[in-house]
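Residue strings, one per chain:
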Amino acid sequence: MPSSSSILALATAVTGATAAFQGFNYESKGRDQAGFEAEFKNAQGLEGTNGGFTSARLYTMIQDGTVSDPISAIPAAISTKTSLLFGLWASAGQTQFDNEISALKKTAQQYCGQSLGNLVAGISVGSEDLYRDSALGQAAGENPGVGPSVLADYVQQTRDAVKGTCLEKAPIGHVDTWTAYANSTNRALSDKLDWVGMDAYPYYENQKDNGIENAKSLFQSAIDNTNTGTGGKPLWITETGWPVSGKAENKAQASIENAQTFWREVGCPRFGKVNVFWFIMQDGGPSQASAPSFGIVGGNTLSTKPLFDLSCDGYTDGGSGSSSSSSSASASASASTSASSTSPQSGASSTATGGSQSQTSATATSAQSSGAASSSAAAPSGSSSSSAGASNPGGSVPVGTGSQPSQSQPAGTGVVPSRTPTSPAGSSTPTPIASAAAAGLSSVAAAVAAIFVAVAAL
């Protein structure tokens, strides 16, 4: 009979996780290579982060102002050693998606010889399309989205496009709101993904007791609902944040102090353990102002000095002030590797250089294990727009023009903010939806239990 230490070592080997991708969301409107390089370098130099923000999430593969040229964030990332979560805009019809696929293929042709494959965290097909296609999204006045069958077809088109290239092993996923993933009819899509990306903003859950003191639990609830709806599919946190200024959303107050609390209680326990893309380093970039503002860097000029202390010393356990890791954070890391082992792309590695982190691309944390999540939404970057009740990060994507939606701010939908392509500013808040059932046992717990049973039988 193996010793208890041997059993523990075996469990650790199965469930231990490597470092995760950590970065911000970036809009594309008006950006050239120099602009992206400046932003990526600024993120890497942010005071208090120890150079940890070395990854970037994109909303489109197309350079602003072109039909299908690769976005200039790619050479900028190669130059600054920034890892990228690619994004293909999927709510503008097949013609526009063809342009995204064309840009993706050109990207492989032009940059695979420059070690691009080592800098790709993954590929996201679409952003909040299911939410915009739902009754909730339509009640918020959103533009039409895309249903699960169309997105599943787009996912296959993406897999076909990267086959035989340096991008072939990049894990492919989709980004949406937790309300979309909690809808069982969308399981037809999530089952075909290597990971699911969840956007989460407790600030906008204005039909609930959403004060900053409850933000952490609302975030966890969204993770649990997502985990239940996707069957424990590896989960990435693709958007979250708290505004430093702006109007109140029920009990949620926008302030620098609350933004710092959210960073410490929701971000710090997950940075380095869960793939996290924060919203946002600077709202709309140096040339745009946003209300509410989620930017951790204020003003119209890039600066490595944030509006609040970004260090996580003493907050790695979720905000209790103790430096020891909590069981929640540990479970988050464990589930990441456990879930990734079942991914079709497990074993494909990506390196987040320029800051420190190297990980298996398919290391996506399971929804429940990450201990973070809420409701939110995302949109491609390229042209500005606003969404229900707030200036929106998503912008319109004119078919055939190559112009991409812009990323400036999350929109308030009452339950889940959305970043949609052309959501009207000031549209009404949709009716709240009921919370989904509580999540079941996490996949990692089951995996560890199985190990103990197997060893006990020896």
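Everything numeric in this text was worked out from a predicted model, so none of it was measured.

**Student:** I keep staring at the nonpolar core and nothing clicks. Help me out?
**Tutor:** Nonpolar side chains in soluble globular proteins tend to be buried together. Phe24, Tyr26, Phe40, Ile74, Phe86, Trp263 and Ile296 are the most contacted members of the largest nonpolar core, which has 83 residues in total. Those residues within four positions of Phe86 in sequence are excluded, and the remaining contacts are Leu58, Met61, Ile74, Leu104, Thr107, Leu116, Val120, Gly122, Ile123, Ser124 and Leu167. One finds Leu85, Trp195, Trp236 and Phe277 within the second-largest nonpolar core, a separate group that totals 7 residues.

**Student:** It is not clear to me how the pairing of strand S7 (residues 234–240) should be interpreted in this structure. Could you clarify?
**Tutor:** It is a general feature of regular strands that their side chains alternate between the two faces of the sheet. Within S7, 7 of the 7 residues are buried, leaving the element largely enclosed by the surrounding structure. Relative to S7, strand S6 (residues 195–200) runs parallel, the two being bridged by 5 bridges. From the neighbouring strand, Met198 faces S7, where its bridge partner is Ile237. Taking the sense of rotation as the criterion, the β-α-β connection linking S6, helix H10 (residues 212–230) and S7 turns out right-handed.

**Student:** Could you clarify how one ought to interpret the pattern of salt bridges in this entry?
**Tutor:** Between side chains of opposite charge, a pair can form when the charged atoms approach closely. Scanning all chains against the criterion turns up 13 salt bridges. With a closest N to O distance of 3.2 Å, Asp129 and Arg132 form a salt bridge. Here the residue Asp129 and the residue Arg132 both occupy positions in helix H5 (residues 129–132), the gap between them amounting to 3 residues, near one helical turn. Residues Lys251 and Asp209 are paired through a salt bridge, measuring 3.6 Å at the closest nitrogen-oxygen approach. Pair noted here: Lys251 is in the loop between S7 and helix H11 (256–267) and Asp209 is in the loop between S6 and H10, with a separation of 42 residues, a long-range link.

**Student:** In this structure, what is going on with the packing of helix H2 (residues 33–44) against helix H3 (residues 73–80)? I would like to understand it.
**Tutor:** Helix packing geometry: the angle between the two helix axes and the distance between the axes. It is at 8 Å that the axes of H2 and H3 come closest, and there the two elements cross at 40°. In terms of orientation, H2 and H3 fall into the oblique class. In this structure, the crossing between H2 and H3 has a hand that is right-handed. Contact residues: Gln33, Phe36, Glu37, Phe40, Lys41 and Gln44 in H2; Ala73, Pro75, Ala76, Ala77, Ser79 and Thr80 in H3. Of the residues in the contact of H2 with H3, the class split is 6 nonpolar, 4 polar and 2 charged.

**Student:** Even after reading the chapter, I still don't get the state of the cysteines, so can you show me in this structure?
**Tutor:** A covalent bond between the sulfur atoms of two cysteines is what we call a disulfide. Tallying each qualifying case throughout the model produces 2 disulfides. Between the sulfur of Cys112 and that of Cys166 lies a disulfide, 2.0 Å long from S to S. Disulfide Cys112-Cys166: torsion about the S-S bond near -80°, hence left-handed. Here the residue Cys112 occupies a position in the loop between helix H4 (94–111) and strand S4 (120–127), and Cys166 occupies one in the loop between helix H7 (148–162) and strand S5 (172–177), the gap between them amounting to 54 residues. For Cys268, the disulfide goes to Cys312, at an S-S distance of 2.0 Å. The sign of the S-S torsion, about -75°, decides the handedness of the disulfide formed by Cys268 and Cys312: left-handed. Of this pair, Cys268 sits in the loop between H11 and strand S8 (276–278) while Cys312 sits in the loop between S8 and helix H12 (327–340), placing them 44 residues apart in sequence. Here Cys268 and Cys312 have matching classes, each one buried.

**Student:** How should H3 be read in this particular structure?
**Tutor:** Counting buried positions along H3 gives 7 out of 8 residues, so the element sits mostly inside the fold. Buried residues of H3: Ala73, Ile74, Pro75, Ala76, Ala77, Ile78 and Thr80, and no others. Where H3 is buried, its residues meet H2, strand S3 (83–88) and H4. Just beyond H3, the residue with positive phi is Lys81, at close to 55°.

**Student:** Looking at this structure, how should I read the packing of H4 against H7?
**Tutor:** At their nearest, the axes of H4 and H7 sit 10 Å apart, and the two run at 25° to each other. Classified by the angle their axes make, H4 and H7 are roughly parallel. Pair H4 / H7 crosses with right-handed handedness. Listed contacts from H7 to Gln94, Phe97, Asp98, Ile101, Leu104 and Lys105 of H4 are Asp153, Tyr154, Gln157, Thr158, Ala161 and Val162. Class assignment for the residues of the contact of H4 with H7 results in 6 nonpolar, 3 polar and 3 charged.

**Student:** Explain H4 to me, please; I cannot follow it from the model alone.
**Tutor:** Each turn of an α-helix holds 3.6 residues, which means side chains three or four residues apart point in the same direction. Between its first and last C-alpha, H4 extends 25 Å over 18 residues, near the 26 Å set by a 1.5 Å rise per residue. Turning to H4, its buried residues number three or more, namely Gln96, Phe97, Asn99, Glu100, Ile101, Ala103, Leu104, Thr107, Ala108 and Tyr111.

**Student:** Help me understand the packing of aromatic side chains in this model?
**Tutor:** What characterises a pair of aromatic rings is the spacing of the ring centres plus the angle enclosed by the ring planes. This structure, assessed with the given rule, holds 22 aromatic pairs. Between Phe36 and Phe40 the ring centres are 5.8 Å apart and the planes differ by 35°, which places this aromatic pair in the tilted class. Residue Phe36 and its partner Phe40 are both found in helix H2; the two are separated by 4 residues, about one turn of the helix. In this pair, the class of Phe36 matches that of Phe40, namely buried. Pairing Tyr203 with Phe294 gives two aromatic rings, centres 6.1 Å apart and planes at 85°, and the pair type is edge-to-face.

Cut-offs used in this document
- Residues numbered from 1 in each chain as written.
- Predicted model: local features only at pLDDT ≥ 70, side-chain atom pairs only at ≥ 80, totals over all residues.
- Heavy atoms only, no water.
- Core = buried A, V, L, I, M, F, W, Y, C linked by side-chain atoms within 4.5 Å.
- Buried < 20%, exposed > 50% of the residue type's maximum accessible area, 1.4 Å probe, protein only.
- Contact = heavy atoms within 4.5 Å.
- Helix = DSSP H or I, 4+ residues; strand = E, 2+ residues; numbered from the N terminus.
- Pairing = 2+ DSSP bridges.
- Right-handed = clockwise from strand over helix to strand, strands pointing away.
- Salt bridge = Lys/Arg side-chain N within 4 Å of Asp/Glu carboxyl O.
- Axes fitted to C-alpha atoms, helices over the stretch in contact; angles between N-to-C directions.
- Parallel < 35°, antiparallel > 145°, perpendicular 65-115°, else oblique.
- Left-handed = near helix turned anticlockwise from the far one by under 90°.
- Nonpolar A, V, L, I, M, F, W, Y, C, P; charged D, E, K, R; others polar.
- Disulfide = S-S within 2.5 Å.
- Expected span 1.5 Å × (residues − 1).
- Phe/Tyr/Trp six-rings, centres within 6.5 Å; stacked < 30°, edge-to-face > 60°.

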